[in-house]
Each structure stands twice: as structure tokens, then as C-alpha cells.
Amino acid sequence: MVRKLETTPRADGFRMPAEFEPHTGTWMLWPERPDNWRLGAKPAQHAFAAVAAAISEGEPVTVGVSPRQFANARAMLAPQVRVVEISNDDSWMRDCGPTFVVNGKGEVRAVDWIFNAWGGLDGGLYFPWDQDDLVAAKVAEIERVDRYRAPIVLEGGSIHVDGEGTLMVTEECLLNKNRNPDLTREQIEEVLANYLNIEKIIWLGRGVYEDETNGHVDNICCFIRPGVVALTWTDDKSDPQYEISKDAFDRLSATTDAKGRKLEIHRVHQPDPILITAEESGGVDVVEGTLPREEGMRLAASYINFYIANGVIVMPSFNDPHDEPAQKQLAALFPDRKVIAVPAREILLGGGNIHCITQQQPAPQKAG
């Protein structure tokens, strides 16, 4: 029996582990909506399939698909990738899927946040989003894990933890009036402490320039291991991203983590600005209530939007001069993992990247 629990993870002795801790597997969703993905999502589907295949070199992958796409996804995905039917509104498993928590007794549970498509009727990216809001509960049912329904609107891409009591977020996202307008910063912090079991929150200011998620932290900064972070960067002081990244660097430099450590900060240079082409824009259906994909729009490209899996790092590449230096830098930061670069422009065109389309399911842990 899968229970919907009325307690909190903290009260029950559960915590959110870091992404770099061992996984049971990875969850994804399959893209199809033609008002977000060009050419009926076919180019994006190939990119998603490449990401799933890369992750599966290190751990099992499950992809949730709609009924009408099941046969197509099964044919396109590698045979070792599990395909299950999960109705959804779009394919951002990081944001609508569950945040898994663990204890030291070998138990895993799911946190089910309220999802409103990154802003609801005030700047949200599509309507309706009711099927996306059910995804976390469906994953919990499939995995037979108990579930906490959290009392706030939150997306998985807006949180990053070190597994040792530290959480990193942005003010731009979590304090946005289109998420939880009736809650103060302190009230939001209290919910996060109770549902992630963290001791300290590091607040960055903004996320990547023009990030339509209202500045998700997973696109600008992430934990490599406890006490070590990677931050997206540019040396071009005329780029709007420079001031954003400089402010983040200053905040990170001035703080410590939950264990009192000063942070070691690695700056990863962003790709050159990526703009939507006329061809790309023309391949997306125009639907009222959905964010348009217009020619010349700058996309929120960042190498920080990589995914840490067992034994592998899956990072986005953009056919950009900065691709190779970023891959070498990540290889140095993760010497025990193979770094796989996957062409990700098609994912970026939909509004996110590799980290945004994945959600880790941590392995059960036994204390001692």
C-alpha cells in the first residue's frame, strides 16, 4: 500500500540526498507537444533518447510517456530503457516529478510538490498543468513508495542540496509572487527545512539570464560534492549574465555551508549566446496560453545543467567553442565519472536542458 503521509520528512528522519550520492535509477518524461517542441517534437525526441542512452551507461532509466506516444517512444529509446505510461502535460520531470528522500534504515519516500507550470496564470508557461501535477504521485505509485504532499508550489530544478544539510536556491524563483505569494521568505525556509531536512539555505539572487523558469538554481550553480560548487560564468562584462554570475560568486564567497565550510567555487564558462533561428521558430505551433518561441529570442544556455548519474556525467553540448573546455573541466571535477556530452540545442529550444528533463531516484541507505 502506498500511503499519502500527513507528517514531514524531517519529523520522520528522512532527508534529500545529494545528486552525487548513489542512485537506483533516473526518471524522465517523453516530449511531444507541438506548441513547445518544433516539428512535432521529433528532433527533441531524438535528443531525449540520446540523453536516456547516455545515462543508462551508469544506471537504469525509466521514461514516462503518454498513451499516444508509447509505441513511438519504445521504438526510439534504447532497449535497456524502461518505458511506462504516464499522462503528462510536458516533459520536465525535474520540475513536476517527485523529490525523493531517504533515511538510514533503507527506506525511500517521495515529496510531491504543488506544480503550477512555473507561475500559474501569472507568467506560467502553459495551461492546463493538471496532468503534470499528478506525475509525482504516479511515480510514487509505480515505485511503491510512500508520499508527502508538500504545502507549497515548487519545482525540483529550483533546489540543489549537498546531502549534508545545505540547500541552494535563488530569490528570483522562490520569492517570485507567482509561486507562493502569501508566504514570507522565513515561512518558505521553514517548509524547505521540514521537507528536505536541511539546516542552512544559501540564497543566490538570480538565475541564468532569460531563464523562463524564473531563475532555477540548477541552471546557474550546483554542488559537485560537499563544500564544492560549479557556477556558470562569462568573462564578457557587457553580457547581462556577467553581473548575475558575479553577484552569485560574491554571495557564495561570503558564506559557508551547513558544516561551516567555506565553498570552493569553480567557474564554468557559458557557451556564446544562443538565439532561436527563423527556421526553429517556424517549426513550433502557436497556441494561445503557451510561451511563444520567437526568432531572435535568447536561450538560457548553460553547461551547469548537466546530470550526475552513477559513474557518468551527462552534459549538454551546443556545437560551441566552449563545449570542449567545459567537458574537460567537468572531467577534472568528477574524476570517478565518465563525462558524456550530448547535443542539446533541441532540448534548450524547449526551455530547459539535461538536468531539467531528469530526476534521480536515490538508492536506499543503511546507517553504519
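These figures come from a predicted structure and were not determined experimentally.

**Student:** Honestly, the overall build of the protein chain in this entry has me stumped. Any pointers?
**Tutor:** For the protein chain, the count of helices and strands is 11 helices and 19 strands. For 368 residues, the compact-globule formula gives about 21 Å, and the C-alpha radius of gyration of the protein chain, at 19 Å, lands near that figure. A principal-axis box enclosing the C-alpha atoms of the protein chain has dimensions of 55 × 50 × 45 Å. With 368 residues in all, the protein chain has 61% of them scored as buried. Long-range pairs, those at least 24 residues apart, make up 75% of the contacts in the protein chain between residues at least 6 apart in sequence. Here the protein chain has roughly 14200 Å² of accessible surface; of this, 50% comes from carbon and sulfur atoms.

**Student:** Is there a simple way to think about empty space enclosed by the protein in this case?
**Tutor:** Gaps left between atoms are located by rolling a probe of water-molecule size over the structure's atoms. Taken as a whole and assessed by the stated rule, the structure comprises 6 cavities of 30 Å³ or more. In this model, the largest cavity occupies a volume close to 110 Å³. Lining the largest cavity are 16 residues, with W92, W118, L125, E212 and G350 positioned closest to its centre. In the lining of the largest cavity, the residues fall into 6 nonpolar, 6 polar and 4 charged. Of the volumes computed, that of the second largest cavity is approximately 70 Å³. If you go around the second largest cavity, the residues you meet are N36, W37, R38, A44, I276, E280, V284, R293, E346, L349 and G350. Residue classes in the lining of the second largest cavity are distributed as 5 nonpolar, 2 polar and 4 charged.

**Student:** Explanation requested: the layout of surface pockets in the structure shown.
**Tutor:** Taken as a whole, the largest pocket encloses approximately 350 Å³ of empty space. Together, 27 residues line the largest pocket, and E210, D211, E212, T213 and A300 are the ones closest to its centre.

**Student:** Please clarify how the sheet that holds strand β7 (residues 147–153) should be interpreted in this entry.
**Tutor:** Sheet strands pair via backbone hydrogen bonds, and the direction of the pair is either parallel or antiparallel. Judged by pairing direction, the sheet is mixed, and its 4 strands sit side by side in the order β1-β7-β6-β5 without closing on themselves. Strand pairing shows two members of the sheet lacking a second neighbour, β1 (4–5) and β5 (99–102), which therefore form its edges. Pairing of strand β6 (residues 108–114) with β7, which is carried by 4 bridges, proceeds in the parallel orientation. Residue pairing in the sheet places V111 in a bridge with Y148 of β7. Relative to β7, helix α7 (residues 185–196) is tilted by about 165°, and along the sheet it contacts β5, β6 and β7.

**Student:** Looking at this structure, how should I read the environment of V108?
**Tutor:** One can find V108 in strand β6. Taking relative accessible area as the criterion, V108 reaches 15% and is therefore assigned buried. Along the sequence, V108 and M16 sit 92 residues apart, while their C-alpha atoms lie 9.8 Å from each other. Setting aside its immediate chain neighbours within four residues, V108 contacts F14, F100, V101, V102, V145, P362, A363 and P364.

**Student:** Can you walk me through the nonpolar core in this structure?
**Tutor:** Among soluble globular proteins, nonpolar side chains are generally buried collectively. Membership of the largest hydrophobic core comes to 52 residues, with the highest contact counts inside it found for M28, V51, L77 and I347. For this core, the element with the most residues is helix α2 (residues 42–55), which contributes 8 residues. One finds C221, Y242, I244 and A300 within the second-largest nonpolar core, a separate group that totals 43 residues.

**Student:** How should unusual backbone geometry be read in this particular structure?
**Tutor:** The omega torsion across F127 and P128 is -5°, close enough to zero to call that bond cis. By the element assignment, P128 lies in the loop between β6 and α5 (132–143). At A41, a position not held by glycine, the phi torsion is positive, near 75°. Within the secondary structure, A41 sits in the loop between β2 (23–29) and α2. Here R144, not a glycine, exhibits a phi torsion of approximately 55°, which is positive. As for its placement among the helices and strands, R144 is situated in the loop between α5 and β7. What makes R144 exposed here is its relative accessible area of 72%.

Analysis parameters
Residues numbered from 1 in each chain as written. Predicted model: local features only at pLDDT ≥ 70, side-chain atom pairs only at ≥ 80, totals over all residues. Heavy atoms only, no water. Helix = DSSP H or I, 4+ residues; strand = E, 2+ residues; numbered from the N terminus. Rg over C-alpha atoms; globule rule 2.2 N^0.38 Å. Buried < 20%, exposed > 50% of the residue type's maximum accessible area, 1.4 Å probe, protein only. Contact = heavy atoms within 4.5 Å. Areas by Shrake-Rupley, 256 points an atom, 1.4 Å probe, with all protein chains shown as cover. 1 Å grid on protein atoms, 1.4 Å probe; cavity = no way out; pocket = protein on both sides within 12 Å on 5 of 7 lines; lining within 4 Å. Points joined across faces, edges and corners; volume = space filled by probe spheres on them. Nonpolar A, V, L, I, M, F, W, Y, C, P; charged D, E, K, R; others polar. Pairing = 2+ DSSP bridges. Axes fitted to C-alpha atoms, helices over the stretch in contact; angles between N-to-C directions. Core = buried A, V, L, I, M, F, W, Y, C linked by side-chain atoms within 4.5 Å.

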